[in-house]
2 protein chains.
Amino acid sequence: MARKTKAEAALTRHRIVECARQVFSRDGVTNTSLEHVAKEAGVTRGAVYWHFRDKADLFMAVRQETGILLRFGDFKSGDALRRLESGLHEALRRLAEDKQARETYEVMLWKCEYVGEFAGVRKDLMSAGTLFLTEATALYEEAVRDKLVGPELDPQMAARETFCFYAGMIKLWLADEGGQAIRSEILKVITHHIESRRLRRRIHPKAV
Amino acid sequence: MARKTKAEAALTRHRIVECARQVFSRDGVTNTSLEHVAKEAGVTRGAVYWHFRDKADLFMAVRQETGILLRFGDFKSGDALRRLESGLHEALRRLAEDKQARETYEVMLWKCEYVGEFAGVRKDLMSAGTLFLTEATALYEEAVRDKLVGPELDPQMAARETFCFYAGMIKLWLADEGGQAIRSEILKVITHHIESRRLRRRIHPKAV
DNA sequence: AGATTTACATACAGACATGTATGTAAATCT
DNA sequence: AGATTTACATACATGTCTGTATGTAAATCT
């Protein structure tokens, strides 16, 4: 077949990744053959094997193209608690509005079996978790320093709690396609999670 | 082959389910063939197809044999917040000590692709979630009535937050085999999650 | 006791996926 | 401009999985 120019080849590669993400998110990673991906992208398996070593390699490319969902460092305005809240809100905004991100996370959280070559990917995810924990811990430390929360709050514990909350929230949000239980209320739930930590300055009326 | 007695047949069926769980949790649902399961159970595919319609059916049996991980109704002692905490603790205790439960949840949360016949299972999981939400909401309502928490706490929101926290916690606990980030501290994190809601009776020293 | 199921094992047929080897025409290099 | 590489398409060889059909001897039924 006629050789493509470098730019064309890059386009082909990109198209393959794009289609792989779609097919993965529809049929699951294990169930999709490279033939399916190739057909969807309008090429043959030859093209796929040219650009990627195997399905695991292609899967990595899908992940890399979307990148990480949330970096707290991106948020600069407001106090530490507000920045935490903004980060969580933003992650969900991306899931809702960015089809690529939504599909990628759908694959990673519901359409993939972390086994064999993919067992390593799970460790990657946990490493990304460590980053989340580091950033969140720093923000909670700042919140303590600035007396946004009581001095008894343990930043590490709070960060771990937020991490669990975040992981479950993303996973449940994706599954809740009907939208009743989680999706429609999720922003308020996030606010609840963060704001309930904030030191209340008004006196609780009936507290001793 | 010689026909088995009813009791023997029941044993065979049970052995197949048991082995299916193990193999699923090792190799992932999609990757395991019924031949693998059969061999592990010391039978042929004939036996598997006799007891189960197909792999999805077998998977359902695996789920059913383990049952649900957490019912708040099982906890009777202590105030509402303590019962919430006990429930969450108990779920983790089971994961840690009960190999069967651990394997089943490992399969459901990390080694299964919710696609095709399995898409329905995901809806089941979300329905189980509705039950969780109902029970947790009731407990938070009780906590409000008993003034364990401030009157501004919205039981529904708190329940949803706890649900997300719970879902993420289970998933992360399973993945954190090293034990550093999550496993070793998880009981404290749970306590943190629940107790931080409790109305503090001592006055915060420097709060206005 | 004879008829009928049952609880499997064995055998068969078809579909499908994977990886590699080979072909090829144009793009890129020198 | 000629040599070389590239970006695929095509062909092949192999292994695996699935579902069903058939066989069978003992358990259960009547």
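Residues numbered from 1 in each chain as written. Chains lettered and ligands numbered in written order. Predicted model: local features only at pLDDT ≥ 70, side-chain atom pairs only at ≥ 80, totals over all residues. Heavy atoms only, no water.

Visitor: Is there a simple way to think about the relation of the copies chain A and chain B in this case?
Guide: Superposition of the two copies of the chain requires a rotation about an axis and a shift along the axis. For the pair chain A and chain B, the superposition axis carries a translation of 0.0 Å, the fit reaches an RMSD of 0.0 Å, and the rotation angle comes to 180 degrees. In the structure described here, the two chain copies are related by an operation that fits a two-fold rotation axis. Most of the interface of chain A is mirrored in chain B: 100% of its interface residues are interface residues there too. (Least-squares fit on C-alpha atoms with pLDDT ≥ 70 in both. Contact = heavy atoms within 4.5 Å.)

Visitor: I'm lost on the protein's contact with DNA strand C in this one. Help?
Guide: As a matter of local geometry, DNA strand C sits amid 22 residues, with A:R3, A:R45, A:Y49, B:R3 and B:T44 nearest to it. Within the contact set of DNA strand C, a phosphate oxygen lies 3.4 Å away from a backbone nitrogen or oxygen of A:K6. Elements with a minimum of two residues in the surface near DNA strand C: helix 2 (34-41) and helix 3 (45-51) of chain A together with helix 1 (6-27) and helix 3 (45-51) of chain B. Considered class by class, the residues forming the surface near DNA strand C number nine nonpolar, seven polar and six charged. (Near = heavy atom within 4 Å. Polar contact = N/O pair within 3.5 Å; in protein donor to acceptor, adjacent residues only side chain to side chain. Helix = DSSP H or I, 4+ residues; strand = E, 2+ residues; numbered from the N terminus. Nonpolar A, V, L, I, M, F, W, Y, C, P; charged D, E, K, R; others polar.)

Visitor: Would you explain empty space enclosed by the protein in this entry?
Guide: Take a probe with the size of a water molecule and roll it over the atoms, and the empty space left behind shows itself. Applying the stated rule across the entire model yields two cavities of 30 Å³ or more. In this structure, the largest cavity occupies an estimated 60 Å³ of space. Along the walls of the largest cavity sit A:E161, A:H193, A:S196, A:R197, B:E161, B:H193, B:S196 and B:R197, which together make up its complete lining. The class makeup of the residues in the lining of the largest cavity is no nonpolar, four polar and four charged. Its boundaries defined by the atoms lining it, the second largest cavity holds a volume of some 40 Å³. Surrounding the second largest cavity, 13 residues form its lining, A:L109, A:W110, A:C112, B:L109 and B:C112 being those nearest its centre. Residue composition of the lining of the second largest cavity, by class: ten nonpolar, no polar and three charged. (1 Å grid on protein atoms, 1.4 Å probe; cavity = no way out; pocket = protein on both sides within 12 Å on 5 of 7 lines; lining within 4 Å. Points joined across faces, edges and corners; volume = space filled by probe spheres on them.)

Visitor: Explain the interface of chain A and chain B here, please?
Guide: One widely used convention gives an interface's size as the accessible area the parts lose upon coming together. At the interface, 54 residues of chain A touch 54 residues of chain B. Around 4700 Å² of area is buried between chain A and chain B when both sides are counted, 65% of it from carbon and sulfur atoms. Considering only the surface of chain A that becomes buried against chain B, A:W110, A:E113 and A:R122 emerge as the three largest contributors, covering 15% of it. Linking chain A with chain B are four salt bridges. The closest approach of N and O atoms between A:E106 and B:R122, which form a salt bridge, is 2.8 Å. Taken together, the connections running from chain A to chain B amount to 17 residue pairs in polar contact (both at pLDDT 80 or more). Those elements that provide at least two residues to the side of chain A that touches chain B are helix 1 (6-27), helix 6 (99-110), helix 7 (119-145), helix 8 (155-175) and helix 9 (186-195) of chain A. Here the side of chain A that touches chain B gets 14 residues from one element, more than from any other, and that element is helix 8 of chain A. (Buried area = accessible area lost by both parts, 1.4 Å probe. Salt bridge = Lys/Arg side-chain N within 4 Å of Asp/Glu carboxyl O.)

Visitor: Is there a simple way to explain the packing of helix 8 (residues 155-175) of chain B against helix 9 (residues 186-195) of chain B in this structure?
Guide: A pair of packed helices is captured by two measures, namely the crossing angle of their axes and the spacing between those axes. Residue and element names in this part refer to chain B. Two elements in contact, helix 8 and helix 9, have axes whose closest approach is 12 Å; the angle formed by their N-to-C orientations is 175 degrees. The pairing of helix 8 with helix 9 is recorded here as roughly antiparallel in orientation. In this structure, helix 8 contributes E161, T162, F165, M169 and W173 to the contact, and helix 9 contributes I186, V189, I190 and H193. Looking at side-chain class alone, the contact of helix 8 with helix 9 contains six nonpolar, two polar and one charged residues. (Axes fitted to C-alpha atoms, helices over the stretch in contact; angles between N-to-C directions. Parallel < 35°, antiparallel > 145°, perpendicular 65-115°, else oblique.)

Visitor: Got a minute to help me understand the domain arrangement of chain A in this structure?
Guide: Residues and elements named next belong to chain A. Annotation of chain A at the domain level lists domain 1 (6-66) and domain 2 (72-195). When each unit is reduced to the centre of its C-alpha atoms, the spacing between domain 1 and domain 2 is 28 Å. The partner domain 2 presents 18 residues to the 15 residues of domain 1 that form the contact. At the junction of domain 1 and domain 2, the tally comes to two salt bridges. Salt-bridge contacts for D124 lead to R63; the nearest nitrogen and oxygen are separated by 3.6 Å. The interface formed by domain 1 and domain 2 includes six residue pairs in polar contact (both at pLDDT 80 or more). (Domains from an automatic or database assignment.)

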